[in-house]
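# Secondary and tertiary structure notes
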Amino acid sequence: MGQPRTDIQDQLSTLIEGDYDYTRPRRGDICEAVVLFVAGDELLVDLGVKRDGVVPREDLQLLDDGFRAGLQAGDCVPVRIRDTRPGGDGIVVSLNEGLAQKDWLRARELLDDGETCEGDVTDVNSGGVLVSFGRLHGFVPNSHLASVPPGLRGERLREAKRDLVGQTLTLAVLEVEQRRRRLVLSERAANRGRRQELFSELSEDEERTGIVRNLVDYGAFVDLGGVDGLVHISELDWRHLDHPSDVLAVGDEIDVKVLSVDRERERIELSRKRMLPDPWPVVVGELEVDQVVEGRVTNVVDFGAFVDVGQGVEGLVHTSEMPGGKVTGARLGRDVPVKVRVLKIDSTRRRLALSLRGVPNAALVPREDALDERVM
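Residues numbered from 1 in each chain as written. Predicted model: local features only at pLDDT ≥ 70, side-chain atom pairs only at ≥ 80, totals over all residues. Heavy atoms only, no water.

### Focus: the pairing of strand E6 (residues 116–125)
Relative to strand E9 (residues 168–177), E6 runs antiparallel, the two being bridged by five bridges. Residue pairing in the sheet places Asp120 in a bridge with Thr168 of E9. Sheet topology note: the E6/strand E7 (residues 128–133) ladder contains four bridges and is antiparallel. Each residue of the ladder has a partner; that of Asp123, found in E7, is Leu130. Between E6 and the antiparallel strand that follows it, E7, lie two residues. (Pairing = 2+ DSSP bridges. Helix = DSSP H or I, 4+ residues; strand = E, 2+ residues; numbered from the N terminus.)

### What about helix H6 (residues 187–201)?
In this model H6 runs 21 Å from its N-terminal to its C-terminal C-alpha over 15 residues, within 8% of the 21 Å that 1.5 Å per residue would give. Among all positions of H6, only Glu187, Ala190, Leu198 and Phe199 are buried. Relative to the axis of H6, the buried residues are bounded by an arc of 165° and lie together on one face. Exposed positions of H6 whose direction lies more than 90 degrees from the buried face are Arg192, Gln196 and Ser200. (Expected span 1.5 Å × (residues − 1). Buried < 20%, exposed > 50% of the residue type's maximum accessible area, 1.4 Å probe, protein only. Arc of directions from axis to C-beta.)

### Considerations on the side chain of Ser271
Its place among the elements puts Ser271 in strand E15 (residues 267–271). Residue classification places Ser271 among the buried residues on the basis of a relative accessible area of 0%. A distance of 2.6 Å separates polar atoms of two side chains, one belonging to Ser271 and the other to Glu235. Within polar-contact distance, the side chain of Ser271 engages the backbone nitrogen of Arg274 at 3.2 Å. In this structure Ser271 touches Val231, Glu235, Asp255, Val256, Lys257 and Leu259, once residues within four positions along its chain are discounted. (Polar contact = N/O pair within 3.5 Å; in protein donor to acceptor, adjacent residues only side chain to side chain. Contact = heavy atoms within 4.5 Å.)

### Some remarks on the nonpolar core
Counting 23 residues, the largest nonpolar core has Phe133, Leu183 and Leu185 as its most contacted members. Listing elements by their share of this core, those giving two or more residues are helix H4 (95–113), E6, E7, strand E8 (136–141), helix H5 (154–162), E9 and strand E10 (182–186). With sequence-adjacent residues up to four places away left out, Leu183 is seen in contact with Trp104, Ala107, Phe133, Leu136, His137, Gly138, Phe139, Val173, Glu175 and Val176. By size, the runner-up hydrophobic cluster in this structure holds 21 residues, among which are Leu202, Val212, Leu236 and Ile254. (Core = buried A, V, L, I, M, F, W, Y, C linked by side-chain atoms within 4.5 Å.)

### Re the packing of aromatic side chains
Tallying each qualifying case throughout the model produces two aromatic pairs. Look at Tyr218 and Phe221: their rings are 6.4 Å apart centre to centre, the planes differ by 85°, and that puts the pair in the edge-to-face class. If you follow Arg106 out to its NZ or CZ, it ends over the ring of Phe133, 4.6 Å from the centre. (Phe/Tyr/Trp six-rings, centres within 6.5 Å; stacked < 30°, edge-to-face > 60°. Lys NZ or Arg CZ within 6 Å of the ring centre and 35° of its normal.)

### What to know about H5
Within the sequence span of H5, burial applies to Leu157, Ala160 and Lys161. Buried residues of H5 fall within an arc of 100° about the axis and therefore sit on the same side. Where H5 is buried, its residues contact E6 and E7.

### Focus: the sheet that holds strand E4 (residues 76–83)
Sheet architecture is closed into a barrel: five strands sit in the order E1-E2-E3-E5-E4, paired in mixed fashion. Bridging between strand E2 (residues 42–46) and strand E3 (residues 53–54) involves two bridges; their strand directions are antiparallel. For Leu44, the partnering residue across the bridge sits in E3 and is Val54. Packed on one face of the sheet, H4 meets strand E1 (30–39), E2, E4 and strand E5 (91–94) and runs near 115° to E4. (Axes fitted to C-alpha atoms, helices over the stretch in contact; angles between N-to-C directions.)

### Structural notes on unusual backbone geometry
You will see that Arg181, though not glycine, has its phi angle at about 50°, which is positive. On the basis of relative accessibility, which here comes to 60%, the residue Arg181 falls in the exposed class. Although it is not a glycine, Glu266 sits at a positive phi angle of roughly 55°. Relative to the assigned elements, Glu266 resides in the loop between strand E14 (253–262) and E15. A residue is classified by how much of its surface remains accessible, and Glu266, at 39% relative accessible area, is partly exposed.

### Concerning the pattern of salt bridges
If the charged atoms of two oppositely charged side chains come close together, the side chains can form a pair. Inspection of the entire model under this criterion finds 17 salt bridges. The salt bridge involving Glu175 is made with Arg182; its shortest N-O contact spans 2.8 Å. On the accessibility criterion, Glu175 (29% relative accessible area) is partly exposed. The partner of Glu235 in a salt bridge is Arg274, and the shortest N-O contact between them spans 2.8 Å. A residue pair is termed long-range when its members are at least 10 positions apart, and Glu235 in the loop between strand E13 (228–232) and E14 and Arg274 in the loop between E15 and helix H7 (280–284) qualify at 39 residues. (Salt bridge = Lys/Arg side-chain N within 4 Å of Asp/Glu carboxyl O.)

### Focus on a negative patch on the surface
Taken together, the side chains of Glu204, Asp205, Glu207, Glu253 and Asp255 present a region of like negative charge at the surface. For Asp205, the location among the structural elements is in the loop between H6 and strand E11 (207–216). Residue Asp205 is classed as exposed on the basis of its relative accessible area, which comes to 57%. (Patch = residues over 30% accessible without salt bridge, like charges linked within 9 Å, V, L, I, M, F, W, Y side chains within 5 Å. Areas by Shrake-Rupley, 256 points an atom, 1.4 Å probe, with all protein chains shown as cover. Lys, Arg positive; Asp, Glu negative; His and termini not counted. Charge placed at Lys NZ, Arg CZ, Asp CG, Glu CD.)

See below:
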């Protein structure tokens, strides 16, 4: 029979296991370390083993000044083991490579999960732009840049890309090849994902803030953060507009209301004017039947003319309420000042009936050449 273990033997066994029962770090390993001491160009970290880790001065100099200045004892940081040979002050580790490896792992996770990230454009080349990704640099090919208008070539393309330097792009990861140090990203893929997400989120009567991206004769296209909606010219303002540029410019930030969302056709209708104070109650509240008011013609149609009587509130002068009928209507044009009489106010249907009969208007006095034509 063997001798029974004593308390001293048990304590000695525990000490021996404590000294040798750990995983020894190997060159190339990535470890989570705890900062023990930092001062100037000196940084010591606890690797959880018998010897501390030492970050060389040249490795510290590769770090951002702000990151290095923010390091303090107790911080957890990733490091890569560079040299475990005995001797020296400790195990040589690289904080810069540890942080870069963490970025590679993050890029792989984003690729696997299909999530997006943000990166600042740092430089351009003939094939695309370079963006920051933590301590790494990613590449966005020309064909995957959504911020550059399609169809640009030569110097116009180079200029458009140079304008992106310093801007932050939302990106999706396309390729991660650490051995080749290849990280490829796409702004277009990120926008597609964001577009689908926005379409599922948007609902009618919702209020949003967007950026005016383009102006056309029939309205304005507004970026809601990855998807564009159209504000028809009739929904830009309560006043009659000849062109969207009368009230907007590309790059303006505006508040809009969602009128409709067509998910099948991927179309969004927006309104700017419904976010503005409604002038109808104010203007109509000061009008009375038979009252004569001044206004301006905004449009002439076959059945009459529309007249703005103030702040974009329009009323219709039917041809039957024009002295001379269509002959009178032919003398009217956009922006012609006229005096009109109020015939009817329909607040429920928001309609205003007006008349030119019995109201003196210089614009309606027959021209001599017109009289000569009628005589002939």
